[in-house]
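Tertiary structure, described
Residues per chain are reported as follows:
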Amino acid sequence: MMKKMIIAIGRENGSGGREIGRQLAQQLDIPFYDKELLALAAQGSRIDAETVRRYDEKLEHPFVDFMQTQVTSFWHQYQTEPAHARVAQAEFAAIRRLADAGPCVLIGRCADYVLRDRTDVLRVFIRAQDEAKVQRIIQRHGFTPDRAQTYIRSTDKHRSAYYAAYTNWKWGDPSHFHLVLDSTPIGVDGAAAVIIRYLESMA
């Protein structure tokens, strides 16, 4: 019998990570959380939904990485954490609540790190080749190729800085994941199938 687990998926923009996660959730009959986490984070905190949306996987200064930890003590001294820090903590709390509730698929938002001490978590990172990512973004948003490339670079830069600030890990580092998959040659269906087979091997 396949072991049902919490599946934490990190992903490059345009890699199909969200679609892979949704397909896994459907096949395994477990809940799926991506943007759904935003509402849960707002409900579980005193932060309004618009602020959560604005700072989802973003820092107020997106190019800040390790320096973030050095100014944290200054914020705490005045008991006024910036909005992005409050949003991140609300999202992390929501992730822990969802994990405590049972198997599910969680997309991004440092879930692999937040749940790093649990033994019932499968950590997966989805990447893809540049051309495939550009084509997926063009199809999804109707962007020109140049705009799609800019959008991908910008989004991933935000995610990388956010991840580094809150985890002290390098975003996408294979050593922190059970599986790192390139979705380009195998597609969404193939990537989901690989993850299913991995879960079957753990049963």
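Remember, it's a predicted structure, so these values are computed and weren't measured experimentally. (Residues numbered from 1 in each chain as written. Predicted model: local features only at pLDDT ≥ 70, side-chain atom pairs only at ≥ 80, totals over all residues. Heavy atoms only, no water.)

Digging into the sheet that holds strand β2 (residues 32-33)
Stated precisely, the cut-off is as follows: Strands were regarded as paired on the criterion that DSSP finds at least two bridges between them. Secondary structure elements are taken from DSSP: a helix is a run of H or I of four residues or more, a strand is a run of E of two residues or more, and numbering for both begins at the N terminus. Residue contacts are defined here by distance: any two heavy atoms, one from each residue, within 4.5 Å place the two residues in contact. The axes used here are C-alpha line fits, helices contributing only the stretch in contact, and every angle between their N-to-C directions lies in the interval 0 to 180 degrees.
Spatial ordering of the open sheet is given by β2-β3-β1-β4-β5, a layout of 5 strands whose pairing is parallel. Only two strands of the sheet have a single partner each, and these edge strands are β2 and β5 (179-182). Packed on one face of the sheet, helix α9 (residues 183-202) meets β1 (6-11), β4 (121-127) and β5 and runs near 155° to β5.

Examining unusual backbone geometry
Rules: Burial here depends on accessible area, computed with a 1.4 Å probe over protein chains only, as a share of the maximum for the residue type. Under 20% is buried, over 50% is exposed, and the range in between is partly exposed.
Phi angles above zero are rare outside glycine, and Cys110 is one such case at about 60°. Within the secondary structure layout, Cys110 lies in the loop between β3 (105-107) and α6 (111-114). A residue is classified by how much of its surface remains accessible, and Cys110, at 3% relative accessible area, is buried. Notably, Asn168 is not glycine yet its phi reads approximately 65°, a positive angle. As for its position among the elements, Asn168 is in the loop between α8 (145-167) and β5. On the basis of relative accessibility, which here comes to 60%, the residue Asn168 falls in the exposed class.

A word on the nonpolar core
Quick note on the threshold: We define a nonpolar core as any set of buried Ala, Val, Leu, Ile, Met, Phe, Trp, Tyr and Cys residues linked to one another through side-chain atoms lying within 4.5 Å.
Core analysis: the biggest nonpolar cluster contains 27 residues, and Phe92, Ile95, Leu106, Leu115 and Tyr166 have the highest contact counts within it. Elements that contribute at least two residues to this core include exactly β1, α5 (83-101), α6, β4 and α8. Among residues more than four places away in sequence, those in contact with Leu106 are Ile6, Ile7, Ala8, Ile9, Tyr33, Ile95, Leu98, Ala111 and Leu115.

Description of the pattern of salt bridges
Here is the rule: In the sections that follow, a salt bridge refers to a side-chain nitrogen of Lys or Arg positioned within 4 Å of a carboxyl oxygen of Asp or Glu.
In total, this model carries 15 salt bridges according to the counting rule given. We note a salt bridge from Glu50 to Arg54, for which the minimum N-O separation is 3.8 Å. Of this pair, Glu50 and Arg54 both sit in helix α3 (residues 49-54), 4 residues apart, roughly one helical turn. Since its relative accessible area comes to 36%, Glu50 is described here as partly exposed. Linked by salt bridges that have partners in common, Arg18, Asp34, Lys35, Asp56 and Arg109 make up one network.

Points about the confidence of the model for the protein
Stated formally: Each residue gets a pLDDT score, which is the predictor's confidence in that residue and runs from 0 to 100.
Of all residues in the protein, 89% have pLDDT values of 70 or greater, and the mean over the chain is 90. Within the model, pLDDT remains below 50 along residues 62-79, and this stretch shows 20 contacts once partners closer than five positions in the same chain are excluded.

Focus on the environment of Tyr198
Its location among the elements puts Tyr198 in helix α9. Taking the relative accessible area as the measure of exposure, Tyr198 reaches 27% and is therefore partly exposed. Taking the C-alpha atoms as reference points, Tyr198 and Lys3, 195 residues apart in sequence, are found 10.0 Å from one another. Discounting residues that sit within four places of it in the chain, Tyr198 has contacts with Leu122, His178 and Leu179.

Quick word on α8
In plain terms, the rule: Expected span of a helix: the number of residues minus one, times 1.5 Å.
In this model α8 runs 32 Å from its N-terminal to its C-terminal C-alpha over 23 residues, within 8% of the 33 Å that 1.5 Å per residue would give. Of the residues making up α8, those classed as buried are Ala148, Ile152, Thr155, Asp156, His158, Arg159, Ala161, Tyr162, Tyr163, Ala165, Tyr166 and Thr167.

Points about the packing of aromatic side chains
Note on aromatic pairs: each is described by the distance of the centres and the angle between the planes. To keep it simple, the criterion reads: Centre distance within 6.5 Å is the pairing criterion for rings of Phe, Tyr and Trp, where only the six-membered ring of Trp is used; planes under 30 degrees apart are then read as stacked, over 60 as edge-to-face, and the remainder as tilted.
Inspection of every chain in the model, using the stated rule, returns 6 aromatic pairs. Aromatic side chains Phe143 and Tyr151 sit 5.4 Å apart centroid to centroid with 80° between the ring planes, which places their arrangement in the edge-to-face category. We classify Tyr151 as partly exposed; its relative accessible area is 31%. Joined through ring pairs, the aromatic side chains of Phe92, Tyr162 and Tyr166 make up one cluster.

A look at the pairing of β4
The side chains of a regular strand alternate between the sheet's two faces. Counted residue by residue, β4 has 6 buried out of 7 residues, so it is predominantly covered. Bridge count for β1 against β4 is 6 bridges, and the pairing is parallel. Bridging across to β4, Ile9 finds its partner in Val124.

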